[in-house]
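Here are the chains, one letter per residue:
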Amino acid sequence: MTASFYPPQRTLMGPGPSDVSPRVLSAMARPTIGHLDPLFVAMMDEVKQLLQYAFQTKNTLTIPVSAPGSAGMETCFVNLIEAGDTVIVCQNGVFGLRMQENVERCGAKAVLVQDEWGRACDPQKLEDALKANPDARFVAFVHAETSTGASTDVKAMCEVAHRYDCLTIVDAVTSLGGSPLDVDDWDVDAVYSGTQKCLSCTPGLSPISFNEVALDVIKHRKTKVQSWFLDLNLVMAYWGEGAKRAYHHTAPVNALYALHESLLILKEEGLEQAWARHQTHHQALKAGLESLGLNFVVPESERLPQLNAVRIPDGVNDAQVRAMLLQDYQLEIGAGLGVMAGKVWRIGLMGYACRKDNVLTCVLALSEVLGRLHIPFAHKDVMAATLAAYGE
Ligand SMILES: *Cc1c(COP(=O)(O)O)cnc(C)c1O
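Computed from a predicted model, the values in this text were never measured in an experiment. (Residues numbered from 1 in each chain as written. Predicted model: local features only at pLDDT ≥ 70, side-chain atom pairs only at ≥ 80, totals over all residues. Heavy atoms only, no water.)

Q: Which parts of the structure should I look at to understand the nonpolar core?
A: Nonpolar side chains tend to gather and get buried jointly when the protein is soluble and globular. The biggest cluster of nonpolar side chains holds 92 residues, and the ones touching the most others in it are Leu 80, Ile 88, Ile 169 and Phe 210. If you tally residues by element for this core, the top one is helix 2 (residues 38-55), at 9 residues. Formed jointly, this core draws a minimum of three residues from each of two domains, domain 1 (22-267) and domain 2 (270-389). (Core = buried A, V, L, I, M, F, W, Y, C linked by side-chain atoms within 4.5 Å. Buried < 20%, exposed > 50% of the residue type's maximum accessible area, 1.4 Å probe, protein only. Helix = DSSP H or I, 4+ residues; strand = E, 2+ residues; numbered from the N terminus. Domains from an automatic or database assignment.)

Quick look at the structure:
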């Protein structure tokens, strides 16, 4: 007979979802109330304020879309782009490819600016593309490319885009809460994120934020937004300011309790402190991994602290190692995506999972597993190297 499902307690150090704080899980288990209940509406206002803090923005249109990060991506594209538009899409990994797909499905033309996987997007290449395509209206790129662990300079990219009168659409799914992101100071026009990466909330919601310039584009569209569900003109009637809220779709009530709690945890810690914590543990993980002979994919200056992609040594069976970690240590690390499948491991240090005990568990487990598989360069001082990075 089918029984209730009890998942094991894993340690999630992949590309997301990350470990969810018990505080968030318990918030989620609280009683469901109506999504138009005045107490719920008051909580929604707090979610908006907390999201403004996390994004560092005063944008009024700062809300969670009721679906995962990919829906936040789609919300940006379907609301801003119209058929016939030209959009520059910078690609340096898997998520840039998805942006191109979104642009093309809007009936627009995607002009691709490609950078090597494992490198940041290059503002100079963007500028060359803008010069060659004076009809471009938008520039889209990924801040934290989760498929490789590369971090792009959002501020520099936005400066270039705006010099050529383009609006920017930025993927901040993996950066939000994990590494510096300042939507207002960097002048990002539209941004989307996800809840299951550095916010360490459950998967299934996508925070977005649009500035006034982007909002103006939506208001002056020639055609209706093709997606009814993601049309922000309609969604805003539910998430809008103070005034009477109109039913659009039933909000995922308990998921929003969880987001509220996870954002509260971020606020309590402080954004800068959260960014610094990701950096500290990244340095220790790096020391441990390098002492095992593992090399990072991304050059140091372009590396994300929350997503550590390292090359799998020759002769090592990727799937076997990950299966051993999962079975024997309850530890999940990520496989490579796209052209990096089988070639890299992606070790996440995201949100609640970004802790010293996890770093130590990960390097110890990896060294033991590689040792069991007789990988010659897995040397014994991995713990000492990791602890030394903590100053111990
Ligand atoms: C995870 C991720 C997404 C997609 O988010 P989902 O919640 O899986 O839909 C988009 N962009 C980046 C950079 C991501 O890491």
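Q: Would you mind showing me how to read the packing of helix 11 (residues 318-329) against helix 12 (residues 356-372) here?
A: How two helices pack is summed up by the angle between their axes together with the distance between the axes. Direction vectors running N to C along helix 11 and helix 12 enclose 120 degrees, while the axes themselves pass 10 Å from each other. Classified by the angle between their axes, helix 11 and helix 12 sit oblique to one another. As for the relative orientation of helix 11 and helix 12, their crossing is right-handed in sense. Contacts from Val 321, Met 324, Leu 325, Asp 328 and Tyr 329 in helix 11 reach Ala 365, Leu 366, Glu 368, Val 369, Leu 370 and Arg 372 in helix 12. Split into classes, the residues belonging to the contact of helix 11 with helix 12 amount to 8 nonpolar, no polar and 3 charged. (Axes fitted to C-alpha atoms, helices over the stretch in contact; angles between N-to-C directions. Parallel < 35°, antiparallel > 145°, perpendicular 65-115°, else oblique. Left-handed = near helix turned anticlockwise from the far one by under 90°. Contact = heavy atoms within 4.5 Å. Nonpolar A, V, L, I, M, F, W, Y, C, P; charged D, E, K, R; others polar.)

Q: It is not clear to me how the packing of aromatic side chains should be interpreted in this structure. Could you clarify?
A: For any pair of aromatic rings, geometry is given as the distance between the ring centres together with the angle between the planes. This structure, assessed with the given rule, holds 2 aromatic pairs. An angle of 75 degrees between the planes, with centres 6.1 Å apart, marks the rings of Tyr 238 and Trp 239 as edge-to-face. The pair formed by Tyr 238 and Trp 239 is uniform in burial state, with each residue classed as buried. A cation over an aromatic ring shows up here: Lys 267 above the ring of Tyr 53, its NZ or CZ 5.4 Å from the ring centre. Above the plane of the ring of Tyr 352 lies Arg 355, whose end atom (NZ or CZ) is 4.6 Å from the centre. (Phe/Tyr/Trp six-rings, centres within 6.5 Å; stacked < 30°, edge-to-face > 60°. Lys NZ or Arg CZ within 6 Å of the ring centre and 35° of its normal.)

Q: Even after reading the chapter, I still don't get unusual backbone geometry, so can you show me in this structure?
A: Cis peptide bonds are those with omega within 30 degrees of zero, and the linkage from Gly 16 to Pro 17 qualifies with 5 degrees. With respect to the helices and strands, Pro 17 occurs in the loop between strand 1 (11-13) and helix 1 (22-28). The backbone of Gln 56 shows a phi angle near 60 degrees, a positive value even though the residue is not glycine. Positionally, Gln 56 belongs in the loop between helix 2 and strand 2 (61-65).

Q: Hey, could you run me through the sheet that holds strand 9 (residues 190-192) in this one?
A: Working definition: the strands of a sheet are paired by backbone hydrogen bonds and lie parallel or antiparallel to each other. Read from one edge of the open sheet, 7 strands run 2-10-9-8-5-3-4, paired in mixed fashion. Of all the strands in the sheet, the pair left with one neighbour each is strand 2 and strand 4 (109-114). The sheet shows a mean angle of 15 degrees between the axes of neighbouring strands, taken without regard to direction. Where strand 5 (residues 136-142) lies against strand 8 (residues 167-171), 5 bridges are found, and the strand directions are parallel. Bridged to Phe 138 within strand 8 is Leu 167. Where helix 4 (residues 94-105) meets the sheet, its contacts fall on strand 3 (86-91), strand 4, strand 5, strand 8 and strand 9, and the angle it forms with strand 3 comes to roughly 165 degrees. (Pairing = 2+ DSSP bridges.)

Q: Looking at this structure, I do not really get the environment of Ile 265. What am I missing?
A: Tracing the sequence through the fold places Ile 265 in helix 9 (residues 253-269). Separated by 242 residues in the primary sequence, Ile 265 and Arg 23 place their C-alpha atoms 8.7 Å from one another. Residue contacts for Ile 265: discarding those within four places in its chain leaves Ser 21, Arg 23 and Val 24.

Q: Can you help me understand the side chain of Asn 358 in this one?
A: On the secondary structure map, Asn 358 appears in helix 12. Ignoring any residue separated from it by four or fewer positions in sequence, one finds Asn 358 in contact with Thr 11, Met 13, Asp 19 and Ala 353.

Q: Explanation requested: the environment of Phe 141 in the structure shown.
A: For Phe 141, the location among the structural elements is in strand 5. Residue classification places Phe 141 among the buried residues on the basis of a relative accessible area of 0%. Taking the C-alpha atoms as reference, Phe 141 lies 9.4 Å from Ala 172; in sequence the two are 31 residues apart.

Q: Just checking my understanding: could you explain the packing of helix 2 against helix 9 for this structure?
A: Two elements in contact, helix 2 and helix 9, have axes whose closest approach is 9 Å; the angle formed by their N-to-C orientations is 40 degrees. Put simply, helix 2 runs oblique to helix 9. Seen along the crossing, helix 2 lies across helix 9 with a hand that is left-handed. Counted together, Phe 40, Met 43, Glu 46, Val 47, Leu 50, Leu 51, Tyr 53 and Ala 54 of helix 2 and Val 253, Leu 256, Tyr 257, Leu 259, His 260, Leu 263, Leu 264, Leu 266 and Lys 267 of helix 9 form the full contact between these two elements.

Q: Explain the sheet that holds strand 12 (residues 331-335) here, please?
A: Here 4 strands make up an open sheet; going across it, the order is 1-12-13-11 and the pairing mixed. Strands with a single pairing partner mark the edges of an open sheet, and in this sheet they are strand 1 and strand 11 (307-311). Pairs of neighbouring strands in the sheet enclose a mean axial angle of 30 degrees, with direction left out of account. Sheet analysis places strand 11 next to strand 13 (residues 344-348), joined by 5 bridges and oriented antiparallel.

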